[in-house]
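Overview (structure and organization)
In case you want the letters, here they are:
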Amino acid sequence: MKPNLSWDEQVDLLVLRGLEVSDESACAAFLASNSYYRFSGYARYFQRAPHIGDDAFRSGTAFDEIRAIYEADETLRAILGRPLARVELVLRSHTARVIADDHGPRARFLEEDFYTDVGNGEPTVESCLRDIERSKERHILRYRTGAGSRSGLSALPIWSAIEAWSFGTLSKCIERGAQGALADAVATSLGVAKAGFAYRVRSLVYLRNRCAHHSRLWHHSVIDSGPTPNNVRVKAKRLAGQFEPRSVLDVIASLDDLLVRSTSAGPVLPELVQQCARHAVMWDGLTHPLNPTDHHV
């Protein structure tokens, strides 16, 4: 069992493992503000072989070097926040419009057979209803007829309901709605490729959630990676160089495509190249994510 260490003791442990710390008080203050556990997710890439218990740092590794990567990752999440929000809003708008135009603005989108569900997970309509019932917004509450009653929700319009859904629920609705046809219709409305569109949306939800929860993007391989269209990927690689399909940059290329085609916003990638590419260690961790086991010595 690992012992519970004070922040000063955590600094002592890092020094014992070979990390060069020029200002131990500043290091302790950083750990107090950010947590040793979160910092260790970055530090592992500078240790010899932590996956087999060798936590010694490679010779010459300095705390300030790891902190710089940590803060660059923090900046990246902040940069992505606004464009991800823009795309989420435009997806809400176009999804509501497509449902209202093709299926009517009320009731149908809250019927179980509107969705094609797979597996044993929560039915999509239940996810939609749960988010609606959780809302405290007046535009939702006016349709609530009493605790546990859903009878008034049949009059709830889609443009109101969709504002109560989480981004994850919206993604499920796009993927499974109208017996699978909703994703194609929303893609057409946005003017983007239909192939794999629902999975591209899922990857944006995944990236947004990592940013919202302050999770590491550097050296992170995206689990829910969407099939970024080849022409979009090729265009992004002309600007950013080579990157792997499950890298964060692949999702950002997909994000840029949606941004440029469906909003007035410009792409994100040029700013990231300017901000991050000059920092080789940071950039390598974004373009070619590795597990700590891939680089041990």
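One can find the structure itself at the top, above this paragraph.
For the structure given in this document, a descriptive report is provided here. (Residues numbered from 1 in each chain as written. Predicted model: local features only at pLDDT ≥ 70, side-chain atom pairs only at ≥ 80, totals over all residues. Heavy atoms only, no water.)

1. A look at helix α3 (residues 36-43)
Within α3, 6 of the 8 residues are buried, which leaves it mostly tucked inside the rest of the structure. For α3, the full list of buried residues reads Y36, F39, S40, G41, Y42 and A43. (Buried < 20%, exposed > 50% of the residue type's maximum accessible area, 1.4 Å probe, protein only. Helix = DSSP H or I, 4+ residues; strand = E, 2+ residues; numbered from the N terminus.)

2. Here's the deal with the packing of aromatic side chains
Applying the stated criterion across every chain, the model contains 10 aromatic pairs. Here the aromatic rings of F30 and Y70 are separated by 5.1 Å at their centres, their planes lie at 80 degrees, and the arrangement is edge-to-face. Of this pair, F30 sits in helix α2 (residues 24-34) while Y70 sits in helix α4 (residues 63-103), and the two are 40 residues apart along the sequence. As far as burial versus exposure is concerned, F30 and Y70 are alike and both buried. Judged by centre distance (5.6 Å) and plane angle (50 degrees), the rings of F39 and F63 are tilted. One end of the pair, F39, is in helix α3; the other, F63, is in helix α4, and 24 residues separate them in sequence. Comparing F39 with F63, the two get one shared label, buried. Through a chain of ring-to-ring contacts, the aromatic side chains of F30, F39, Y42, Y45, F46, F63, Y70 and W218 assemble into a single cluster. One residue, K237, lies across the ring of F243, its end atom 5.3 Å from the ring centre. (Phe/Tyr/Trp six-rings, centres within 6.5 Å; stacked < 30°, edge-to-face > 60°. Lys NZ or Arg CZ within 6 Å of the ring centre and 35° of its normal.)

3. Notes on the pattern of salt bridges
In total, this model carries 17 salt bridges according to the counting rule given. One salt bridge in this structure joins E71 and R67, with 2.9 Å as the shortest N-O distance. Here the residue E71 and the residue R67 both occupy positions in helix α4, the gap between them amounting to 4 residues, near one helical turn. Accessibility expressed as a relative area gives 33% for E71, which makes it partly exposed. Using a relative accessible area of 27% as the deciding quantity, one classes R67 as partly exposed. For the salt bridge of R261 with D257, the shortest nitrogen-to-oxygen distance reads 2.6 Å. With R261 and D257 both in helix α12 (residues 248-262), this residue pair falls 4 residues apart, about one helical turn. The class for R261 is partly exposed, based on a relative accessible area of 46%. The buried category is assigned to D257, whose relative accessible area is 11%. (Salt bridge = Lys/Arg side-chain N within 4 Å of Asp/Glu carboxyl O.)

4. A closer look at the packing of α2 against α4
Running from amino to carboxyl end, α2 crosses α4 at an angle of 30 degrees, the nearest separation of the two axes being 12 Å. One way to sum up the angle between α2 and α4 is to call them roughly parallel. Like other packed secondary-structure pairs, α2 and α4 cross with a definite hand, here left-handed. Contacts between α2 and α4 involve A26, C27, F30 and N34 on the former and, on the latter, F63, R67 and Y70. Here the residues of the contact of α2 with α4 are counted per class, giving 5 nonpolar, 1 polar and 1 charged. (Axes fitted to C-alpha atoms, helices over the stretch in contact; angles between N-to-C directions. Parallel < 35°, antiparallel > 145°, perpendicular 65-115°, else oblique. Left-handed = near helix turned anticlockwise from the far one by under 90°. Contact = heavy atoms within 4.5 Å. Nonpolar A, V, L, I, M, F, W, Y, C, P; charged D, E, K, R; others polar.)

5. Points about unusual backbone geometry
One non-glycine residue, A107, lies in positive phi territory at about 75 degrees. Locating A107 in the fold gives a position in the loop between α4 and α5 (124-134). Within the chain, H219 stands out as a residue other than glycine whose phi angle is a positive 55 degrees. Among the structural elements, H219 can be located in the loop between α10 (197-212) and α11 (230-240). The class of H219 is buried, set by a relative accessible area of 12%.

6. Some remarks on the nonpolar core
Formed by 89 residues in total, the largest nonpolar core has its most connected members in L80, W165 and F197. Sort the elements by how many residues they give to this core and α4 lands first, with 15 residues. Setting aside its immediate chain neighbours within four residues, W165 contacts R92, F109, Y115, C128, D131, I132, I158, L170 and C173. (Core = buried A, V, L, I, M, F, W, Y, C linked by side-chain atoms within 4.5 Å.)

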